[in-house]
Amino acid sequence: MYVIFLGAPGAGKGTQAAEVAKELKLAHIATGDMFREAQKKGTALGMKAREYMEKGQLVPDEITVAMLLERIAAPDCSAGVIFDGFPRTVTQAEALDKALTKQGKAIDRVIYIKVAEEELLTRLGGRWICRQCQTPYHEVVSPPKVKGKCDKCGGELYQRDDDKPATVKERLKVYFAQTAPLIDYYTKTGKLAEVNGVGAVEAVRKAILGSLKKGTPARK
Ligand code: AMP
């Protein structure tokens, strides 16, 4: 099964994608995590991506698509993938469709996690991420048991540079201009299912799993 998690920054894509991928035994591909990993390693790709990420802008399609296509060719992707943070432009969506078609595969479902803009601003402001396993926490909504430490692996929690207020605003602007058109793109394919992203993490997860098990997606 090939599933896309679509939604604004802060909608909860990363949190949900990690758990749902584990539950359904699918590979979890998060392009943002891949770029951050490349930066940590100091590769040329990481350095290039940093120029855009620190401004809250999208990394150019040709760079992002090339990285993604290499990743989906890996053996762990053959049973299915949850795409988290990709595609973010119509060009990326078309490139993914083309690549999957070549392999005789296709996107099965697009889960659109909907959260109002005001709530997104609050969430991104209080977000802390584990340096080791990338698990996200929130000061108010989902704090770790021990301040500054990851519940899962004990790793150190940090605040992403691009979660600072000015960059958050730019990321949301970029989302509405370049990524939100994908809602229409996938609605037209009949594959989009909308899930309310506001509520307990567990409740949202149940709604996503329910939607993935259902035959026909419905947009509310
Ligand atoms: P994320 O962790 O998904 O919020 O992504 C963090 C940043 O990485 C974004 O603000 C972009 O600069 C970059 N990025 C991640 N995924 C993509 C993508 N599919 N296309 C372009 N840039 C991306």
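Residues numbered from 1 in each chain as written. Predicted model: local features only at pLDDT ≥ 70, side-chain atom pairs only at ≥ 80, totals over all residues. Heavy atoms only, no water.

Caption draft 1: Representation of the overall build of the chain in the model. Of regular secondary structure, the chain possesses 9 helices and 8 strands. For a compact globule of 220 residues, the expected C-alpha radius of gyration is about 17 Å, and the chain comes in at 16 Å, within 12% of that figure. Classification of the 220 residues of the chain by burial places 46% in the buried group. Intrachain contacts of the chain at a sequence separation of at least 6 include 71% that bridge at least 24 residues. For the chain, the accessible surface area stands at approximately 11,300 Å², while carbon and sulfur atoms represent 55% of it. Taking the average location of the 36 positive side-chain charges in the chain and that of its 27 negative ones, the two points are 3 Å from each other. (Helix = DSSP H or I, 4+ residues; strand = E, 2+ residues; numbered from the N terminus. Rg over C-alpha atoms; globule rule 2.2 N^0.38 Å. Buried < 20%, exposed > 50% of the residue type's maximum accessible area, 1.4 Å probe, protein only. Contact = heavy atoms within 4.5 Å. Areas by Shrake-Rupley, 256 points an atom, 1.4 Å probe, with all protein chains shown as cover. Lys, Arg positive; Asp, Glu negative; His and termini not counted. Charge placed at Lys NZ, Arg CZ, Asp CG, Glu CD.)

Caption draft 2: Region of the structure containing the environment of Ile 107. Among the secondary structure elements, Ile 107 is positioned in the loop between helix H5 (90-102) and strand S4 (109-114). Exposure remark for Ile 107: the relative accessible area of 3% places this residue in the buried category. The sequence separation of Ile 107 and Gly 42 amounts to 65 residues, and the corresponding C-alpha distance is 33 Å. Setting aside residues no more than four positions away along its own chain, Ile 107 makes contact with Tyr 2, Ile 4, Phe 83, Leu 96, Asp 97, Leu 100 and Lys 191.

Caption draft 3: Just the sheet that holds strand S6 (residues 136-138), in detail. Judged by pairing direction, the sheet is antiparallel, and its 3 strands sit side by side in the order S6-S5-S7 without closing on themselves. What marks the edges here is a single partner per strand, and that holds for S6 and strand S7 (157-158). In this structure, strand S5 (residues 127-130) lies alongside S6, joined through 3 bridges in antiparallel fashion. Bridging across to S6, Trp 128 finds its partner in Tyr 137. (Pairing = 2+ DSSP bridges.)

Caption draft 4: Structural detail: the pattern of salt bridges. As enumerated under the stated definition, the model contains 15 salt bridges in all. We note a salt bridge from Asp 162 to Arg 160, for which the minimum N-O separation is 2.9 Å. Summarising the burial analysis for this pair, Asp 162 and Arg 160 share the class buried. With a closest N to O distance of 3.9 Å, Asp 162 and Arg 171 form a salt bridge. Assessed through its relative accessible area of 10%, Asp 162 is described here as buried. Relative accessible area serves as the criterion here: at 9%, Arg 171 is assigned to the buried category. One network of salt bridges, with partners in common, ties together Arg 127, Arg 160, Asp 162, Asp 163 and Arg 171. (Salt bridge = Lys/Arg side-chain N within 4 Å of Asp/Glu carboxyl O.)

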